[in-house]
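Read off the chains here:
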Amino acid sequence: MSAENWMPIFVLMSSFMTGLLIFSLDEGRHALRTVLNMLGATIKLVLVGVMLWGVFHERAYEMRFPVVPGVEMILRADALAMIFLTLSAVLWLVTTAYAVGYLEGAPNRRRFFGFFSLCVTSTMGISLAGNLFTFFIFYEMLTLTTYPLVVHRGTKKALDAGAAYLRYTLAGGAVLLVGIVWLHALAGPFEFTTGGALGHLGTEHASSLVIIFAILMAGLGVKAAIVPLHGWLPTAMVAPAPVSALLHAVAVVKAGVFGIVRVVYNVYGIESASALGVTAPLAAVAAVTIVYASVRALSQDDLKRRLAFSTVSQLSYIILGIALAGPISTVGGLAHLAHQGIMKITLFFSAGIIAETIGLHRISEMNGVGRRLPVTSAAFTIAALGMIGVPPTAGFISKWYLGTGALASGQPWVLAVLAVSTLLNAAYFLPVINALWFGERSASWPEEKGRGRLWETDPWLLVPMCVTAAMTVLAGLLAGEFLSPLEWAKLIAWREYK
């Protein structure tokens, strides 16, 4: 085997071995643990960068081995895998740095960072999966490695949230498994294939394929937080801010959405899915989710819960772009997979700094925070404007391609959904921005924790947030540049639709 065959394994091992080494350290070895975390994240980013360049030049990175007769474990880097893989690698590095500062002085950091690394390994496995069997293995591994992070604080509220998280995600996994087994029984062994893998099945299986598609969407829809399967996500906001950031930007929710993209494009194939009539209902469900979750966000006073409902809404932009079954809307949906990640992680980093530095969690208490935390408030403002879709941010690029893609696909009703959603985005984000910058503070901050004597807070918290805020603007300003999320999404769409 060549080094290129081993690259997917190296990518997995860079975080898996980091996790095992962290578990083996004593709780008090903070400096060494930080070095291991940052070293593992940096090595992974370099490996992913090498693979990104190679996939662009159509080099093959694949490792496969049989598990049982007729079933293989396949790890493969294709263009679609790389957009999720690169997003995960970049955001793992910045989230690790943020978590080092966020958890300073907190107990059980060895357990937290150990499972944090295993969670990233699971996400990488989902990205690189070459068939549904491999995808499912890492999909369930993600559930189990994320649970200890959700309940990390150990309070009753955290344990209750963890129990809800397990009920939803394990039930979703069971439903997904039923769909995978049924599909394998019907189609035999198959792999993710550009243009779809079920072309050998005749029209006599159409009814079965429609039912199986619905089962797969129901299973994946739990982690993708499609209404009405989204209930676990706002509850899980009890987790520490780095976990919330990872859940909402990269790991769990993106795993569900990425799975939907794989099933539509690389299992069914977009033309076959459209012919079966399954993409139109999927687009309708996504549209309902976008509007419903935005309405629910309006009434949330807890900042993290408002961001959680925003996530539910924004994830369905990706699904809507895919379900419209056109190349331009696909570009918009796939670009938003990366854009939503960098914008949402900035928002959660900001919310975490406000909570950890001055003890505020409720929007109604945040009047005047911009004068105490100007950089944090500026980062929040940039990301929130991006979510609304204000140019030149990344969010504007996503909405532009979704809108033009809808018209190109002959589905102008999507413009109404985007318009309503944008107004609702503005209605629940602008009051927060107004409170931060223009609200009058009538009392002292409830809980000054003294983080950062020279800066407004700990630099370990501040720098990662500034990096992702800058990425929010650069992804919009440089959208047409080589290897931007938008250009990579165009590459994927071109290979799917050529």
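## So, the overall build of the protein
Looking only at helices and strands, the protein has 20 helices and two strands in total. Expected size for 498 residues packed as a compact globule is a radius of gyration near 23 Å; at 22 Å, the protein falls within 12% of this value. When the 498 residues of the protein are sorted by exposure, 60% land in the buried category. In the protein, of all internal contacts separated by at least 6 residues, the share reaching a separation of at least 24 is 79%. Working note: accessible area of the protein is about 17,700 Å², and carbon and sulfur atoms make up 68% of it.

## Some thoughts on the side chain of Thr95
You can see Thr95 is positioned in helix α3 (residues 79–102). With sequence-adjacent residues up to four places away left out, Thr95 is seen in contact with Phe116, Pro242, Leu246, Ile345 and Phe349.

## Quick word on the pairing of strand β2 (residues 71–77)
The buried fraction of β2 is high, at five of seven residues. In this sheet, β2 lies alongside strand β1 (residues 61–68) in antiparallel orientation, the contact comprising seven bridges. Bridged to Phe65 within β2 is Met73. The turn joining β1 and β2, which pair antiparallel and follow one another in sequence, is formed by two residues; a positive phi near 90° is taken by Gly70.

## Thoughts on the pattern of salt bridges
For the coordinates displayed, the defined rule picks out nine salt bridges. Here Arg76 and Glu62 are joined by a salt bridge, their closest N and O atoms 2.8 Å apart. Taken together, the residues span a long stretch of sequence, with Arg76 in strand β2 and Glu62 in strand β1 at a distance of 14 residues. Here Arg76 falls in the buried class, since its relative accessible area comes to 15%. With relative accessibility at 23%, the residue Glu62 sits in the partly exposed group. A salt bridge links Asp78 to Arg262, with the shortest nitrogen-to-oxygen separation between them at 3.0 Å. Taken together, the residues span a long stretch of sequence, with Asp78 in the loop between β2 and α3 and Arg262 in helix α10 (residues 252–268) at a distance of 184 residues. Residue class for Arg262 comes out buried when judged on its relative accessible area of 1%. One salt-bridge network, in which partners are shared between bridges, spans Glu62, Arg64, Glu72, Arg76 and Glu191.

## Remarks on the packing of aromatic side chains
Summed over all chains, the structure comprises 14 aromatic pairs. Aromatic side chains Phe112 and Phe116 sit 5.5 Å apart centroid to centroid with 20° between the ring planes, which places their arrangement in the stacked category. Residue Phe112 and its partner Phe116 are both found in helix α4 (residues 109–128); the two are separated by four residues, about one turn of the helix. Judged by its relative accessible area of 1%, Phe112 falls in the buried class. Arranged with centres 5.2 Å apart and planes meeting at 25°, the rings of Phe135 and Tyr139 form a pair that is stacked. One end of the pair is Phe135 and the other is Tyr139, both in helix α5 (residues 132–150) and four residues apart, which spans about a single turn. Just as Phe135 is buried, Tyr139 falls in that class too. Grouped by ring-pair contacts, the aromatic residues Tyr98, Tyr102 and Phe349 constitute a single cluster. Of note, Lys223 hangs over the ring of Tyr139, and the distance from its end group to the ring centre comes to 3.7 Å.

## Remarks on unusual backbone geometry
With omega at 15°, the peptide bond leading from Val227 into Pro228 counts as cis. The topology assignment puts Pro228 in the loop between α7 (206–223) and α8 (232–235). Omega for the bond connecting Pro391 with Pro392 falls within 30 degrees of zero, at 10°, which places this linkage in the cis form. The phi dihedral of Glu58 is positive, around 65°, even though this residue is not glycine. Its relative accessible area of 62% is what places Glu58 among the exposed residues. In this structure, Asn108 is a non-glycine residue whose phi angle is positive, near 60°. Here Asn108 shows up in the loop between α3 and α4.

## With respect to the environment of Ile83
By secondary structure assignment, the location of Ile83 is in helix α3. On the accessibility criterion, Ile83 (6% relative accessible area) is buried. Ile83 sits 405 residues away from Trp488 along the chain, and the two C-alpha atoms are 7.2 Å apart. With residues near it in sequence (within four places) discarded, Ile83 still touches Leu334, Pro485, Trp488 and Ile492.

About the cut-offs
- Residues numbered from 1 in each chain as written.
- Predicted model: local features only at pLDDT ≥ 70, side-chain atom pairs only at ≥ 80, totals over all residues.
- Heavy atoms only, no water.
- Helix = DSSP H or I, 4+ residues; strand = E, 2+ residues; numbered from the N terminus.
- Rg over C-alpha atoms; globule rule 2.2 N^0.38 Å.
- Buried < 20%, exposed > 50% of the residue type's maximum accessible area, 1.4 Å probe, protein only.
- Contact = heavy atoms within 4.5 Å.
- Areas by Shrake-Rupley, 256 points an atom, 1.4 Å probe, with all protein chains shown as cover.
- Pairing = 2+ DSSP bridges.
- Salt bridge = Lys/Arg side-chain N within 4 Å of Asp/Glu carboxyl O.
- Phe/Tyr/Trp six-rings, centres within 6.5 Å; stacked < 30°, edge-to-face > 60°.
- Lys NZ or Arg CZ within 6 Å of the ring centre and 35° of its normal.

Distances and angles like these do not, on their own, reveal function.
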